[in-house]
Amino acid sequence: MKCEVCNSETYRKKVRKQHWFRGKLYIIENVDAEVCTECGERYFQATTLDKIDALITGEHSVTEVMSVEVLSV
Ligand SMILES: [Zn+2]
């Protein structure tokens, strides 16, 4: 596909995604994305995002639990 930001080509890549769901932050690995070769913008299909929500709400195993620092500038 073409990047909506800079109109360059994108390529398929598995990425690590920060995903908010019901006020909680999740890090999801191996997510299918289209990534822009020029600006690095990432695009996710709606079905991919639905799959992640279903994964979170259903039975799932947790790879790792991280603590996250929240800062303000
Ligand atoms: Zn781009």
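One structure accompanies this document, and this report is about it. Worth saying up front: this structure is predicted, and the values here are computed from it rather than measured. (Residues numbered from 1 in each chain as written. Predicted model: local features only at pLDDT ≥ 70, side-chain atom pairs only at ≥ 80, totals over all residues. Heavy atoms only, no water.)

1. Looking at the packing of aromatic side chains
We count it as follows: Only Phe, Tyr and Trp rings take part, Trp by its six-membered ring, and two of them pair if their centres are within 6.5 Å. Stacked means planes under 30 degrees apart, edge-to-face means over 60, and tilted covers everything else. To sit over a ring, a charge needs its Lys NZ or Arg CZ within 6 Å of the ring centre and within 35 degrees of the ring normal.
By the definition in use, this model includes zero aromatic pairs. For the cation-ring pair, Lys17 lies above Phe44, with the distance from its terminal atom to the ring centre recorded as 5.0 Å.

2. Some details on the coordination of the zinc ion
Put simply, the test is: Atoms of type N, O and S within 2.8 Å of a metal are treated as its donors, and for Na, K and Ca the window is 3.2 Å; water is not considered, so some sites may appear to be missing partners. Square planar and octahedral sites, with four and six donors, are those where opposite donors lie more than 155 degrees apart and all other angles lie between 65 and 115, tetrahedral sites have four donors with every angle between 85 and 135 degrees, and the rest are irregular. For every residue, the accessible area (1.4 Å probe, protein chains only) is compared with the maximum for its type, and the residue is labelled buried under 20%, exposed over 50%, or partly exposed between those bounds.
Coordination of the zinc ion by the protein involves Cys3 (SG), Cys6 (SG), Cys36 (SG) and Cys39 (SG), with metal-donor separations of 2.3 Å. Note that the zinc ion binds four donor atoms; their angles at the metal cover 99 to 119°, and the shape is tetrahedral. One chain supplies every donor to the zinc ion, and in sequence these donors are spaced C-x2-C-x29-C-x2-C. Under the relative-accessibility criterion, Cys39 is labelled partly exposed at 40%.

3. Looking at the nonpolar core
Stated formally: For this analysis, a nonpolar core means a set of buried residues of the types Ala, Val, Leu, Ile, Met, Phe, Trp, Tyr and Cys, connected via side-chain atoms within 4.5 Å. Secondary structure elements are defined from DSSP: runs of H or I of at least 4 residues count as helices, runs of E of at least 2 residues count as strands, and each element is numbered from the N terminus. Only heavy atoms matter for contacts: two residues are in contact if any of them lie within 4.5 Å across the pair.
Listed in full, the eight residues of the largest apolar core are Val15, Phe21, Ile28, Val31, Ala33, Val35, Ile52 and Ile56. Taken together, the elements giving at least two residues each to this core come down to strand 1 (10-21), strand 2 (24-36) and helix 1 (46-57). Counting residues per element, this core draws most heavily on strand 2, which supplies four residues. Apart from the residues lying within four places of it in its own chain, the contact partners of Ile56 are His19, Phe21, Tyr26 and Ile28.

4. Overview of the pairing of strand 1
Our working definition: A strand pair is defined by DSSP finding two or more bridges across the two strands.
Bridging between strand 1 and strand 2 involves eleven bridges; their strand directions are antiparallel. Looking at the pairing, Arg12 lines up with Glu34 of strand 2.

5. Details of the pairing of strand 2
The loop that links strand 1 with its antiparallel partner strand 2 comprises two residues; one of these, Arg22, has a positive phi angle of about 45°. The pairing of strand 2 with strand 3 (residues 42-43) spans two bridges and is antiparallel. What sits directly across from Val35, in strand 3, is Arg42. Adjacent in sequence and paired antiparallel, strand 2 and strand 3 are bridged by five residues, among which Gly40 carries a positive phi angle near 80°.

6. Quick look at a nonpolar patch on the surface
Let me state the cut-off plainly: Nonpolar side chains (Val, Leu, Ile, Met, Phe, Trp, Tyr) are joined into patches within 5 Å and like charges within 9 Å, using only residues with over 30% relative accessible area and no salt bridge. Surface exposure here means Shrake-Rupley accessible area, sampled with a 1.4 Å probe, where a residue is shielded only by the protein chains that are shown. Counted as salt bridges are all cases of a side-chain nitrogen of Lys or Arg within 4 Å of a carboxyl oxygen of Asp or Glu.
Residues Trp20, Leu25, Ile27, Met66, Val68 and Val70 make up a contiguous nonpolar surface patch of roughly 640 Å² in combined accessible area. Turning to its location among the elements, Met66 is positioned in the segment after helix 1. On the basis of relative accessible area, Met66 is assigned to the partly exposed category, the value being 46%.

By themselves, these figures tell us nothing about what the structure is for.
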